[in-house]
Amino acid sequence: MGNWIINHGLSAFILVVWMGINIFLFVYYYLFYDQGPQFEYTRELLGSALPWARAPAAVLNFNCMLILLPVCRNLLSLLRGSFICCGRTMRKQLDKNLTFHKLVAYMIALMTAVHTVAHLLNAEWYTNSFQGQYGPLAGNLSMLDDSSELKTTYLNPTPTLLVFTTIAGLTGVVITLALILMITSSMEVIRRSYYEVFWYTHHLFIIFFAGLVFHVLTDFIWLNPLLQTWMWVIGPMIIYLCERLLRFIRYMQPVSYRKIVIRPSKVLELQLVKPGFKMAVGQYVFLNCPAISQLEWHPFTMTSAPEEDFFSVHIRSVGDWTEDLIKMVENLPEGGQGPKMAVDGPFGTASEDVFDYEVSMLVGAGIGVTPFASILKSIWYKFKDSDPKLRTKRIYFYWLCRETYAFEWFADLLQVLEKEMEERGMRDFLTYKLYLTGWDQSHVNHAMVHFDKDTDINTGLKQKTSYGRPNWDKEFEQVRQENPSSVVGTFLCGPQALAKDLEKKCVKYSEVDPRKTKFYFNKENF
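In this numbering scheme, every chain counts its residues from 1 along its sequence in written order. Totals for whole chains, interfaces and linings use every residue, but because this is a predicted model, local features are given only for residues with pLDDT of at least 70 and side-chain atom pairs only at 80 or more, for both listing and counting. To obtain the side-chain values, all non-hydrogen atoms of the structure were used and water was disregarded.

Caption draft 1: Spotlight on the overall build of the protein chain. A helix here means a DSSP run of H or I that spans at least four residues, while a strand means a run of E at least two residues long, and both kinds are numbered starting from the N terminus. Looking only at helices and strands, the protein chain features 19 helices and 12 strands. For the exposure calls, accessible area comes from a 1.4 Å probe over protein chains only, and a residue counts as buried if that area is under 20% of its type's maximum, exposed if over 50%, partly exposed in between. For the protein chain, with 526 residues in total, the buried portion stands at 48%. Of the contacts formed within the protein chain by residues at least 6 apart in sequence, a portion of 74% connects residues at least 24 apart. Put simply, the protein chain shows about 25,700 Å² of open surface, and 62% of that area lies on carbon and sulfur atoms. In this description, contact between two residues means that some pair of their heavy atoms is separated by no more than 4.5 Å. We get accessible surface area from the Shrake-Rupley algorithm with a probe of 1.4 Å; when it comes to residues, only the shown protein chains can shield them.

Caption draft 2: Focus on unusual backbone geometry. For the peptide bond that leads from G345 to P346, omega is 10 degrees, which places it in the cis range. Along the chain, the position of P346 falls in strand 6 (residues 342-347).

Caption draft 3: Here's a closer look at the nonpolar core. Residues belong to a common nonpolar core when they are buried Ala, Val, Leu, Ile, Met, Phe, Trp, Tyr or Cys residues joined through side-chain atoms within 4.5 Å. With 32 residues, the main nonpolar core has C64, I67, I108, F208 and F209 as its most contacted residues. Put simply, the parts of the chain that give this core at least two residues each are helix 1 (2-35), helix 3 (49-66), helix 6 (97-130), helix 9 (167-185), helix 12 (205-217) and helix 13 (229-252). Among the elements that take part in this core, helix 3 stands out by supplying eight residues, more than any other. Once residues within four sequence positions are removed from consideration, C64 is found in contact with I108, F208, F209, L212 and V233. Grouped together as the second largest cluster of nonpolar side chains are 27 residues, I375, L376, I379 and F397 included.

Caption draft 4: Expanded view of the packing of helix 3 against helix 13. At a closest axis distance of 8 Å, the pairing of helix 3 and helix 13 adopts a crossing angle of 10 degrees. In terms of orientation, helix 3 and helix 13 fall into the roughly parallel class. Residues N61, F62, C64 and M65 of helix 3 touch helix 13, and the partners they reach there are T229, W232, V233 and P236. Under this grouping Gly is polar, as are all residues other than the nonpolar Ala, Val, Leu, Ile, Met, Phe, Trp, Tyr, Cys and Pro and the charged Asp, Glu, Lys and Arg. Looking at the contact of helix 3 with helix 13 residue by residue, the classes come out as six nonpolar, two polar and no charged. Axes, fitted as lines to C-alpha atoms, cover a helix only where it is in contact. Angles between the N-to-C directions of the axes lie from 0 to 180 degrees. Here is the rule for angles: anything less than 35 degrees is roughly parallel, anything more than 145 is roughly antiparallel, 65 through 115 is roughly perpendicular, and the remaining ranges are oblique.

Caption draft 5: Seen up close, the sheet that holds strand 2 (residues 267-273). A pair of strands is considered paired only if DSSP assigns at least 2 bridges between the two. On the basis of which strands lie adjacent, the open sheet formed by three strands has the order 1-2-5 and antiparallel pairing. Of all strands in the sheet, those bounded by a partner on one side alone are strand 1 (256-263) and strand 5 (311-316). Neighbouring strand axes in the sheet, compared pairwise and without regard to direction, differ in orientation by 20 degrees on average. Across seven bridges, strand 1 lies against strand 2 in antiparallel orientation. Bridge pairing in strand 2 places Y257 opposite L272. Sheet strands touched by helix 14 (residues 320-330): strand 1, strand 2 and strand 5. Its angle to strand 5, the strand with the most contacts, is close to 110 degrees.

Caption draft 6: Representation of the UniProt feature "transmembrane region" (unreviewed entry) in the protein chain within the structure. UniProt positions are given in the numbering used here, feature names are shortened, and annotations may be inferred rather than shown by experiment. The feature "transmembrane region" (unreviewed entry), as given by UniProt, occupies residues 12-32, 52-72, 100-121, 161-183, 204-223 and 229-249 in the numbering adopted here. Helix makes up 100% of residues 12-32 and strand 0%, with an end-to-end C-alpha separation of 30 Å. This span, residues 100-121, is 100% helix and 0% strand, and a straight line between its end C-alpha atoms measures 32 Å.

Caption draft 7: Structural view of the pattern of salt bridges. Should a side-chain nitrogen of Lys or Arg be within 4 Å of a carboxyl oxygen of Asp or Glu, the pair is scored as a salt bridge. Scanning all chains against the criterion turns up 12 salt bridges. Linked through salt bridges whose partners overlap, the residues forming this network are R73, E243, R247, R250 and D344.

Caption draft 8: Broad picture of the packing of aromatic side chains. Pairing of aromatic rings covers Phe, Tyr and Trp, the last through its six-membered ring, and needs centres within 6.5 Å; plane angles under 30 degrees mean stacked, over 60 mean edge-to-face, and all others mean tilted. For the structure on display, the rule yields 25 aromatic pairs. Seen from their ring centres, W472 and F476 are 6.5 Å apart, and the 70 degrees between their planes marks the pair as edge-to-face. On the criterion of helical spacing, the pair formed by W472 and F476 is a turn pair, its members being four residues apart in helix 18 (residues 472-482). Across this residue pair, the class does not change: W472 and F476 are buried. Ring-pair connections join several aromatic residues into one group, and the members of that group are F24, Y28, Y29, F32 and Y33. For a Lys NZ or an Arg CZ to count as sitting over a ring, it must be within 6 Å of the ring centre and within 35 degrees of the ring normal. R73 extends its terminal NZ or CZ atom over the ring of F286, reaching a point 3.7 Å from the ring centre.

Caption draft 9: The side chain of E243, seen in detail. As for its placement among the helices and strands, E243 is situated in helix 13. On the accessibility criterion, E243 (4% relative accessible area) is buried. Here a polar contact is recorded for every N or O atom pair within 3.5 Å, except that within protein the pair must consist of a potential hydrogen donor and a potential acceptor, and residues adjacent in sequence are included only if both atoms are side-chain atoms. Among the polar contacts made by the side chain of E243, one reaches the main-chain amide nitrogen of R73 at a distance of 2.9 Å. Those residues within four positions of E243 in sequence are excluded, and the remaining contacts are V71, C72, R73, N74 and L75.

Caption draft 10: Structural context of the packing of helix 9 against helix 11 (residues 195-202). Between helix 9 and helix 11, the shortest axis-to-axis distance is 9 Å and the interhelical angle comes to 150 degrees. Viewed along their axes, helix 9 and helix 11 adopt a mutual orientation that is roughly antiparallel. Crossing angle aside, the handedness with which helix 9 passes helix 11 is left-handed. Between helix 9, through L181, M182 and S185, and helix 11, the contact on the second element is made entirely by V197, F198, T201 and H202. Working rule for handedness: look at the near helix, and if it is turned counterclockwise from the far one by less than a right angle, call the crossing left-handed; if clockwise, right-handed.

Caption draft 11: Region of interest: the sheet that holds strand 10 (residues 466-467). With respect to topology, six strands assemble into an open sheet ordered 10-9-8-7-11-12, the strand pairing being parallel. Edge strands, defined here as strands with exactly one partner in the open sheet, are strand 10 and strand 12 (518-523). With two bridges connecting them, strand 9 (residues 430-436) and strand 10 associate as parallel partners. By the bridge assignment for strand 10, L436 is matched with Y467. Packing of helix 15 (residues 370-384) onto the sheet brings it into contact with strand 7 (359-365), strand 8 (394-401), strand 9 and strand 11 (487-493), and relative to strand 7 it is tilted by some 140 degrees.

Caption draft 12: Broad picture of helix 13. Expected span of a helix, by definition, is 1.5 Å for each gap between consecutive residues, and there is one gap fewer than residues. The terminal C-alpha atoms of helix 13 lie 34 Å apart, and with 24 residues this matches the ideal 34 Å at 1.5 Å per residue to within 8%. G235 marks the point of greatest bend in helix 13, at about 30 degrees, and the proline P236 comes within the next four residues. For helix 13, the complete set of buried residues consists of T229, V233, P236, Y240, E243, R247, R250 and Y251. Here the bend at a residue is taken as the angle between two axes, fitted respectively to the seven residues that end there and the seven that start there.

Caption draft 13: Molecular detail of the confidence of the model for the protein chain. Here pLDDT means the predictor's own confidence in every residue, given as a number from 0 to 100. Confidence in the prediction for the protein chain averages 79 pLDDT; 77% of positions are at 70 or higher. Below a pLDDT of 50 lies the segment residues 147-162, which in the model reaches 36 contacts outside its immediate sequence neighbourhood of four places, other chains included.

Caption draft 14: Spatial organisation of the environment of L31. With respect to the helices and strands, the residue L31 is situated in helix 1. L31 sits 24 residues away from A55 along the chain, and the two C-alpha atoms are 8.6 Å apart.

Caption draft 15: Layout of the pairing of strand 2. Burial analysis of strand 2 places six of its seven residues in the buried class, which makes it a mostly covered element. Direction of pairing for strand 2 relative to strand 5: antiparallel, over a ladder of six bridges. Opposite Q271, over in strand 5, you have S312 as the bridge partner.

Listed below in structure tokens is the structure:
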């Protein structure tokens, strides 16, 4: 339990507070409409459907207020910079912004379903009251006109017209359909395989919020002024508009190419220059290529170091957008400039905190090595310049790849670092291990024949490539024994399955005793 609190305590507390507010709002407004004397005649008409419709509406207002904030990237970067003095635990919560965004979206979906069903029952029960099925009182109340004077007596709030012929009904249908499209297109299988579908349908949030405001303005706001949605969402909407304005300004800023390189394994390296651009290690940018799409922005971690006079990204061909970009670059004439590129960022990630730890474990899978390329380059510059501010005493680097040629573009940097550490007598500072997770028997036979060579046949490095996957229990135990009283930051850029495994190891091998080794897990999220 102590280890769990170290790694997840604050996240769990924030989640409990959020859930507690949702429960409070639901229960409070349910009792307000179910027991309030001012709704006695309304309940006579509609029964329990009234509180079941209004309670979810209150929860929806609260969560619609929150849903935009986790995707305000510039706001999060500003907060990350403000939390430097508040410790790494607080800053780690900002790295879980997309997880929180999804949780809020799930709550909105659930409350929308309850709210919609309750309103459908409202319409049916009102019709039954009109037909006299619920007794003479309900029948007489249903015959009253919807004059403004009667509305103040809370007698007959349900429209006498059909649900789909009112503004409230029509906007309710529109925002429900928009929500369904946004949620279904956000499923992992669609988002990974058809990113463009996810990107375009997610912009239905504009229709969702516009419809939401009009829906509530015309749907019984006289029942309780606190349920007016615009009062809840106006602040986040203004913040998000400022966010988009800043993105547009960055979109208009010129970007030039310093160098374009096609690396092995269908990886494109772009070295870009933008006036006034400043970055930190492990940060990422969003790229837009108007020649491919005016609206699509894709995130890429920067592989350059802050000490360099340019910033670089490595782009692997994994979808339509990246394939089109690589084909466009491959067809460029000799010495030709690449297509126009717009850059938004940089934005902070968990890897920014790598130098705040005495010991760091860096784990990259495939192209997920990119943030650690930036970190290792920066370390090389810091050693070269004898930077006295470097707190890090030791780094363990693990890279998992399926193909041998994926190692090629990064092996040169490791060779430079290997030589630098030897010259400075600091061989123990950087421990790196490369793992090949995909191979055939012929490759294994070739490796066995050349096993006695001083350098690895795949990378040319002195550290030999291992075949298979790491034994993480063995690796964590080794790090704990070699650093018995250190705080170890574990950083991953890779698949979710690996993230769950490493997170469990961090909990398992952390000591409750503050004088002993503790592991903190950090993962890149886009």
